[in-house]
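Structural overview for review
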Amino acid sequence: MSEKQLDFFHQSVLPQEIIEYLNIVNNGHYLDATLGGGGHTNLILSHNNTVKVTAIDRDIQAINFVQENLKDYGDRLDFWQGNFADYQPLNIRFDGIIADLGVSSPQLDQGERGFSFRHDGNLDMRMDTSQSLMAKDIVNRWPEKPLADLIYLYGEERLSRRIAKTIIEKRPFSTTLELAEAIASCVPNKYRHGKIHPATRTFQALRIKVNEELKSLEKFLQIAPTWLKPEGRIGVISFHSLEDRIVKNQFRDNSSLKIITKKPIIPSIEEQRSNPRSRSAKLRVIQLCGLNIF
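Residues numbered from 1 in each chain as written. Predicted model: local features only at pLDDT ≥ 70, side-chain atom pairs only at ≥ 80, totals over all residues. Heavy atoms only, no water.

This part covers the overall build of the protein chain. When its secondary structure is counted, the protein chain shows 14 helices and seven strands. Taking 294 residues into account, the globule formula puts the C-alpha radius of gyration at 19 Å, and the protein chain, at 20 Å, falls close to it. In terms of its C-alpha atoms, the protein chain occupies a principal-axis envelope of roughly 60 × 45 × 40 Å. Within the protein chain, buried positions represent 54% of all 294 residues. A sequence separation of at least 24 residues applies to 70% of the contacts in the protein chain between residues at least 6 apart. Between the averaged position of the 39 positive side-chain charges in the protein chain and that of its 36 negative side-chain charges there is a distance of 7 Å. (Helix = DSSP H or I, 4+ residues; strand = E, 2+ residues; numbered from the N terminus. Rg over C-alpha atoms; globule rule 2.2 N^0.38 Å. Buried < 20%, exposed > 50% of the residue type's maximum accessible area, 1.4 Å probe, protein only. Contact = heavy atoms within 4.5 Å. Lys, Arg positive; Asp, Glu negative; His and termini not counted. Charge placed at Lys NZ, Arg CZ, Asp CG, Glu CD.)

Note on helix geometry: an α-helix contains 3.6 residues per turn, so any two residues three or four positions apart are oriented the same way. Those residues of helix α8 (residues 160-170) not exposed but buried are Ser160, Ile163, Ala164, Thr166 and Ile167. Buried residues along α8 cover an arc of 160° about the axis, so they all sit on one side. Exposed side of α8, more than 90 degrees from the buried face: Arg161 and Glu169 are the residues found there. Residues of α8 that are buried make contact with α6 (135-141), α7 (144-155), α9 (176-185) and α11 (200-211). (Arc of directions from axis to C-beta.)

Where α8 meets α9, the axes come as close as 9 Å, and the angle between the chain directions of the two elements is 125°. Judged on the interaxial angle alone, α9 and α8 are oblique. Every pair of crossing elements has a handedness; the one defined by α8 and α9 is right-handed. Across the interface between the two elements, Ile163, Thr166, Ile167 and Lys170 from α8 touch Leu179, Ala182, Ile183 and Ser185 from α9. Along the lines of polarity and charge, the residues of the contact of α8 with α9 split into five nonpolar, two polar and one charged. (Axes fitted to C-alpha atoms, helices over the stretch in contact; angles between N-to-C directions. Parallel < 35°, antiparallel > 145°, perpendicular 65-115°, else oblique. Left-handed = near helix turned anticlockwise from the far one by under 90°. Nonpolar A, V, L, I, M, F, W, Y, C, P; charged D, E, K, R; others polar.)

Turning our eyes to something else, we now look at the side chain of Glu271. Mapped onto the elements of the fold, Glu271 is located in helix α14 (residues 269-274). Among buried charged residues, Glu271 stands out as having no salt bridge; its nearest opposite-charge side chain is Arg279, 11 Å away. Apart from residues no more than four positions distant in its own chain, Glu271 is found in contact with Ser12, Val13, Leu14, Pro15, Glu17 and Ser278. (Salt bridge = Lys/Arg side-chain N within 4 Å of Asp/Glu carboxyl O.)

Here we come to the pairing of strand β1 (residues 29-32). Burial along β1 is two-sided: the face carrying His29 and Leu31 and the face carrying Tyr30 and Asp32 are both buried. As judged from the four bridges shared by β1 and strand β2 (residues 52-57), these two strands associate in the parallel manner. Residue Asp32 lies in a different strand from β2, and its bridge partner there is Ala55. Alignment of β1 against strand β4 (residues 94-100), held across three bridges, turns out to be parallel. Across the sheet, Tyr30 pairs through a bridge with Gly96, a residue of β4. (Pairing = 2+ DSSP bridges.)

Now for the nonpolar core. One finds Phe84, Ile97, Leu179 and Phe220 to be the most contacted residues of the largest nonpolar core, which totals 58 residues. Beyond its immediate stretch of four places on either side in the chain, Phe220 contacts Ala33, Phe84, Ala85, Ile97, Ala99 and Trp227. Ile18, Ile24, Leu35 and Val53 belong to the second-largest nonpolar core, a separate cluster that totals 26 residues. (Core = buried A, V, L, I, M, F, W, Y, C linked by side-chain atoms within 4.5 Å.)

This part is about the pattern of salt bridges. Note on pairing: side chains with opposite charge can pair once their charged atoms come close. By the definition in use, this model includes 13 salt bridges. Arg126 is the partner of Asp124 in a salt bridge, and the nearest nitrogen-oxygen pair spans 2.7 Å. Both residues of the pair, Asp124 and Arg126, count as buried.

The structure is reproduced here in C-alpha cells:
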C-alpha cells in the first residue's frame with residue numbers, strides 16, 4: 001500500500017450487516033452517499049460482480065483516493081462530488097442506498113484538517129475544503145451566547161456556558177490543541193479525567209455547524225426515498241444521538257417506508273474490539289413499499 005493510500009485508509013463499520021440488510025440483487029444499482037475510504041462501496045462491488053455503484057463525497061481527497069484504489073471496477077463505479085443532500089439522480093432509481101455518517105478515520109487522522117485534537121492542526125473542520133466557513137471563524141468571531149447555545153445543542157455539552165466564556169476570554173485560537181487545552185483548563189478535575197476528553201463535545205458541535213451536518217441529513221432523508229426502486233432499501237449508520245434521532249424520526253414518519261430494523265443494529269463485541277471507532281455506531285434500515293408512490 002502506497003503512502004497516499006495509507007493516508008486515506010479507513011476501516012468500514014458494520015460491513016457484514018450492510019451487505020446482509022442491503023439485500024443486494026443481480027444487476028442492481030446502488031448509491032453510497034458517503035464514500036469516505038470506499039470500504040462499503042468495495043464491499044458491494046466485490047459481493048456481486050453484476051452490480052454498479054454511484055458514490056458521493058464532499059471531500060475531493062476521498063474521491064481521488066477511491067478512483068485510484070478501486071479503478072479495477074471500471075465503469076461499474078462512478079462518482080459525484082458534493083453534499084448528498086444536493087444530489088439529483090435525474091432518471092436513475094437505485095436498488096439500495098447507504099449512508100455512513102460522521103467523520104472518516106482519514107479525516108480524523110490528518111491533523112491539518114482540524115477535525116481532532118489528537119493531532120495539532122489548523123481549526124478548519126471543513127469536509128468540503130472549497131467552502132469558506134471554518135471552525136476558527138466560529139470560535140474567534142461568534143458572541144458568547146450563540147457560541148454557548150451551539151455547544152449545548154450540537155455537542156450536548158452541559159458545561160457549554162463555562163466553555164463559551166473561556167473561549168471568549170482566551171481567543172483568538174488558531175490550532176486544535178490551543179482550543180482543546182483552553183477547554184480542559186476550565187472544567188472540574190473529575191470532568192477533565194472522565195471517559196472522554198472535555199473538548200470532545202465542543203469539537204463535535206463545531207464540526208456539525210461548519211458542515212451543516214444535521215440540516216443536510218434531514219434534507220437527504222426526506223428526498224432519498226424518492227431515489228429508490230420499489231422494495232429498495234436505505235441503510236444509515238449514525239454515531240451520536242442527534243443523528244440517530246433524526247434518522248429514527250424521519251423513517252418512522254414516512255408512510256411509504258417499511259421499517260426493517262425495529263431496533264438499531266450495533267457492532268458485535270469482536271468488531272468493537274478490533275475497531276474502537278465503531279463502538280457508537282447504529283444502523284437503521286428501511287424499505288420502500290412495493291408500489292413506488294413518488
